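Structure at a glance
Below, each chain spelled out in residue letters.
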Amino acid sequence: VNDRLHRRLLEMFDQRTIYYEHEFATPAEDYAYLEQQYDGYMLLLRSGNKATPYSARQRVADMLAKAERLRESAGSHARAGGWDAALADMNAALEHCEHATRATGYSF
């Protein structure tokens, strides 16, 4: 069933780009949304459902360490009210998470 569903979804969405846009009322809401995305990536990567190839393990670990440092920096900026810097750091942390996710073997 899973295989059939996967193939059907590929048929439906192949060659299509789906855009998701959301307007946030405040920078704090935007930041909270980015934090949730970060937490989702970490949950996926730490779930152990997909083993990281041996050749990519150090690279993934480095990317995740960098992402964590950026998240901590973003949190410091957010607590101080520096939303522009906080959002920039969270977006950079998410970019590192996305690269780590792909290097682990997930595709989206």
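So, a few notes on the structure that sits alongside this text. Once a new chain begins, its residue numbering starts again from 1 and follows that chain's sequence as written. Predicted model: local features are reported for residues with pLDDT of at least 70 only, side-chain atom pairs are reported and counted for 80 or more only, and whole-chain, interface and lining totals are derived from all residues. Water and hydrogen atoms were dropped before computing side-chain values, which therefore reflect all heavy atoms in the structure.

**Some words on the packing of aromatic side chains**
Side-chain rings of Phe, Tyr and Trp (the six-membered ring for Trp) are treated as a pair once their centres are within 6.5 Å; stacked means planes under 30 degrees apart, edge-to-face means over 60, and tilted covers the remaining angles. Counted according to the given criterion, the structure contains two aromatic pairs. Consider the rings of Phe24 and Tyr33, whose centres lie 5.3 Å apart with planes at 45°: the pair is tilted. Tyr33 sits in the partly exposed class, given a relative accessible area of 29%. When accessible area is computed with a 1.4 Å probe and restricted to protein chains, residues below 20% of their type maximum are described as buried, those above 50% as exposed, and intermediate ones as partly exposed.

**With respect to the environment of Arg71**
Mapped onto the fold, Arg71 is located in helix α3 (residues 57–79). Distance in space between the C-alpha atoms of Arg71 and Leu34 is 10.0 Å, their sequence separation being 37 residues. Here Arg71 is in contact with Tyr31, Glu35, Tyr38, Asp39, Met90 and Ala93, once residues within four sequence places are set aside. Under the scheme used here, helices are H or I runs from DSSP no shorter than 4 residues and strands are E runs no shorter than 2 residues, and both carry numbers assigned from the N terminus. Throughout, a contact is declared for two residues whenever any of their heavy atoms are within 4.5 Å.

**Observations concerning a nonpolar patch on the surface**
Patch construction takes residues with relative accessible area above 30% that form no salt bridge. Like charges are linked within 9 Å, and nonpolar side chains (Val, Leu, Ile, Met, Phe, Trp, Tyr) are linked within 5 Å. Computed with a 1.4 Å probe, the accessible areas rest on the Shrake-Rupley method; for each residue, only the protein chains presented here act as cover. Between Lys or Arg on one side and Asp or Glu on the other, a salt bridge is scored when a side-chain nitrogen of the former is within 4 Å of a carboxyl oxygen of the latter. Taken together, Leu5, Leu9, Met12 and Phe13 make up a surface patch of nonpolar side chains, about 340 Å² in accessible area. With respect to the element layout, Leu5 can be found in helix α1 (residues 2–13).

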